[in-house]
Amino acid sequence: MVAVIILSRKCNINPDNVATPIAASLGDLTTLTLLASISAVLFKAIGGENPEHPERQEWLAPVIISLFLVLTPIWIVISHKNKYTHEVLYTGWTPVICAMVISSIGGLILDSAVSSYHGIAVFQPVINGVGGNLVAVQASRLSTSLHKAGKPGTLPENAQHGCGNPLTTFCGKGLHSRTVRVLLFMVIPGHLIFMYTIHFMNAGHTTITLIFAVVYLSAAMLQVMLLLYLAGWMVHHMWKIGDDPDNFAIPYLTAVGDLLGTGLLAIAFQILYMVGDKDADVGD
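Within each chain, residue numbers correspond to sequence positions counted from 1 in written order. Totals for whole chains, interfaces and linings use all residues, but because this is a predicted model, local features are given only for residues with pLDDT of at least 70 and pairs of side-chain atoms are given and counted only at 80 or more. Side-chain descriptors were evaluated using all non-hydrogen atoms of the structure, hydrogens and water having been removed beforehand.

Here we look at the overall build of the protein chain
Strands are runs of DSSP state E lasting at least two residues, helices are runs of H or I lasting at least four, and both sets are numbered from the N terminus onward. Within the protein chain one finds 12 helices and 0 strands. For the protein chain, the succession of helices and strands along the chain, N to C, is α-α-α-α-α-α-α-α-α-α-α-α. Considered along the principal axes of its C-alpha atoms, the protein chain spans approximately 70 × 60 × 35 Å. Contact between two residues is taken to exist if any of their heavy atoms lie within 4.5 Å; hydrogens are not considered. Long-range contacts, defined as pairs at least 24 residues apart, comprise 73% of the intrachain contacts of the protein chain with a sequence gap of at least 6. Summed over all atoms, the accessible surface of the protein chain reaches about 16800 Å², with 68% contributed by carbon and sulfur. Positive and negative charge centroids in the protein chain, built from 14 and 17 side chains respectively, lie 18 Å apart. For accessible areas, the Shrake-Rupley method is used with a probe of radius 1.4 Å. Any residue's cover is judged against the shown protein chains and nothing else. Counting rule for charge: Lys and Arg are taken as positive, Asp and Glu as negative, and neither His nor the chain ends is counted. By convention, the point assigned to a charge is CZ for Arg, NZ for Lys, CD for Glu and CG for Asp.

Here you go:
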């Protein structure tokens, strides 16, 4: 990520526009890769599909857990001595844990919806990824502008106070309103690309029809609109109470994005089923 930010600066690109989405994408990719790889190793170690295998290595998982427990105090000391991570060590736990809880609720919704609509599974990462990345860009830009104007605890005079006017947020003449419109204009083209990529790769269980595209894109647009409006309030609120939005707002926003995306996607598939677009793929 350090290399991405340095390269962005050298290419005269605002790191807020690229660093946050890349960090989120690499985080998901790295997590899934490690989870799949380690799970495969541990599954094989306990005997795989043959639990009675004589060469099982049941000690492997406890050893790995013990190793991380031993290393944890070392990382805490290192983080405590680093001036850039010292504050996060003491204040960064709350938003991360709360974000995990919020995302877990979205996971429960997905688990319930998949049992009725198998086609929802392949679209869930897309709608959540797009919404989370776009709102993270906006939150990062808002936070950077506040950092340029002062320190957490005092809002600039021209900053948003309280819940903003939706018309100002989406139709205003200010820089942040223009950014909101640009991000909204990216929603439909981006989702169309992913939608038809899924279709051509036969990766999903849902037939792409006109009514499906309209309902799905409506859900995606509503999700991003709600997130961008929420970002304007949350970033300024966090700044006002003295918290750094980079550490607090973005985890909450991406987690709410997961919850909204999954919920709206489930509603979209329910609507499709009710209006008659219920082939074997949608409602099997």
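Quick look at helix α2 (residues 15-45)
To estimate how far a helix should reach, multiply one less than its number of residues by 1.5 Å. With 31 residues, α2 should reach 45 Å at 1.5 Å per residue; the first-to-last C-alpha distance of 43 Å fits that figure. Looking at α2, one finds that the buried residues are P15, D16, A19, T20, P21 and A45. Turning to α2, the residues buried within the fold contact α1 (2-10), α3 (60-81) and α6 (120-149). A positive backbone phi angle near 105 degrees is found at G47, which sits one or two residues after α2. Think of it in three bands: with a 1.4 Å probe and only protein chains considered, a residue is buried below 20% of the maximum accessible area for its type, exposed above 50%, and partly exposed in between.

As for the packing of helix α8 (residues 175-185) against helix α9 (residues 187-200)
Think of each axis as a best-fit line through the C-alpha atoms, taken over the contacting stretch in the case of a helix, with angles from 0 to 180 degrees between the N-to-C directions. Put simply, α8 and α9 touch, their axes get as near as 4 Å, and they point 25 degrees apart. As far as their axial angle goes, α9 and α8 are roughly parallel. On α9, the residues touching L183, L184 and F185 of α8 are V187, I188 and P189. Each residue is assigned to one class: nonpolar for Ala, Val, Leu, Ile, Met, Phe, Trp, Tyr, Cys and Pro, charged for Asp, Glu, Lys and Arg, and polar for all the others, Gly among them. Tallied by class, the residues present in the contact of α8 with α9 amount to 6 nonpolar, no polar and no charged. Geometric relationships in this document are graded by angle, where less than 35 degrees denotes roughly parallel, more than 145 denotes roughly antiparallel, 65 to 115 denotes roughly perpendicular, and other angles denote oblique.

A look at the nonpolar core
Only buried residues count toward a nonpolar core. Its members are Ala, Val, Leu, Ile, Met, Phe, Trp, Tyr and Cys residues joined through side-chain atoms within 4.5 Å. Counting 34 residues, the largest nonpolar core has F123, M195, F212 and Y216 as the members making the most contacts within it. Considering every element that reaches this core, the biggest residue donor is helix α10 (residues 210-240), with 10 residues. Setting aside anything within four residues of it in sequence, one finds Y216 in contact with F123, V126, I127, H191, M195 and L265. Of all hydrophobic cores here, the second largest spans 22 residues; its members include A159, M238, I250 and Y252.

Here's the deal with the packing of α6 against α8
In contact at an axis separation of 10 Å, α6 and α8 are set at 165 degrees when each is read in the N-to-C sense. Our classification of the angle between α6 and α8 gives roughly antiparallel. In this structure, the crossing between α6 and α8 has a hand that is right-handed. Residues L134, V137, Q138, R141, L142 and S145 of α6 form the contact with α8, whose participating residues are L175, H176, T179, V180 and L183. Of the residues belonging to the contact of α6 with α8, the class tally is 6 nonpolar, 4 polar and 1 charged. Crossings are assigned a handedness: left-handed for a near helix turned anticlockwise from the far helix by less than a right angle, right-handed for a clockwise turn.

Looking at the environment of C98
Mapping C98 onto the fold places it in helix α5 (residues 93-114). C-alpha separation for the pair C98 and Y117, spaced 19 residues apart in sequence, amounts to 28 Å.

As for the side chain of Q124
One can find Q124 in helix α6. Its relative accessible area of 17% is what places Q124 among the buried residues. With residues up to four places along the chain from it excluded, the contact list for Q124 reads L110, T262 and L265.

Looking at the packing of aromatic side chains
Side-chain rings of Phe, Tyr and Trp, where Trp is taken by its six-membered ring, are said to pair if the distance between their centres is within 6.5 Å; with planes under 30 degrees apart they count as stacked, over 60 as edge-to-face, and otherwise as tilted. Counted under the stated rule, the structure contains 7 aromatic pairs. Ring centres 5.9 Å apart and planes at 80 degrees place the aromatic pair F212 and F269 in the edge-to-face group. Residue F212 is located in helix α10, and its partner F269 is located in helix α11 (residues 245-275); the two are separated by 57 residues in the primary sequence. Owing to a relative accessible area of 0%, F212 belongs among the buried residues under this scheme. Each member of the aromatic cluster is reached from another via a ring pair, and the members are Y117, F123, F212, Y216, F269 and Y273.

Re a nonpolar patch on the surface
Each patch is built from residues lacking any salt bridge and having more than 30% relative accessible area; the joining distance is 9 Å for like charges and 5 Å for nonpolar side chains (Val, Leu, Ile, Met, Phe, Trp, Tyr). Salt bridges are identified by distance alone: a Lys or Arg side-chain nitrogen within 4 Å of an Asp or Glu carboxyl oxygen. Together, I211, I267, I271, M274 and V275 make up an exposed nonpolar region whose accessible area comes to about 470 Å². Per-element tally for the nonpolar patch: the top contributor is α11, with 4 residues. Relative to the helices and strands, I271 is located in helix α11.

Let's talk about the confidence of the model for the protein chain
Known as pLDDT, the predictor's confidence for each residue is given on a scale from 0 to 100. On average, residues of the protein chain score 83 in pLDDT, and 93% of them reach the 70 mark or higher. Looking at the elements of the protein chain, mean pLDDT is at its lowest for helix α12 (residues 280-283), recorded as 49, and at its highest for α10, recorded as 91.

Things to note about the environment of S115
Positionally, S115 belongs in the loop between α5 and α6. Sequence spacing of S115 and N247 is 132 residues, and the spatial spacing of their C-alpha atoms is 36 Å. Pairs of N or O atoms are called polar contacts if they sit within 3.5 Å, as long as, within protein, a hydrogen donor faces a hydrogen acceptor (for residues adjacent in sequence, only side-chain-to-side-chain pairs). A polar atom in the side chain of S115 sits 2.5 Å from the backbone oxygen of S112.

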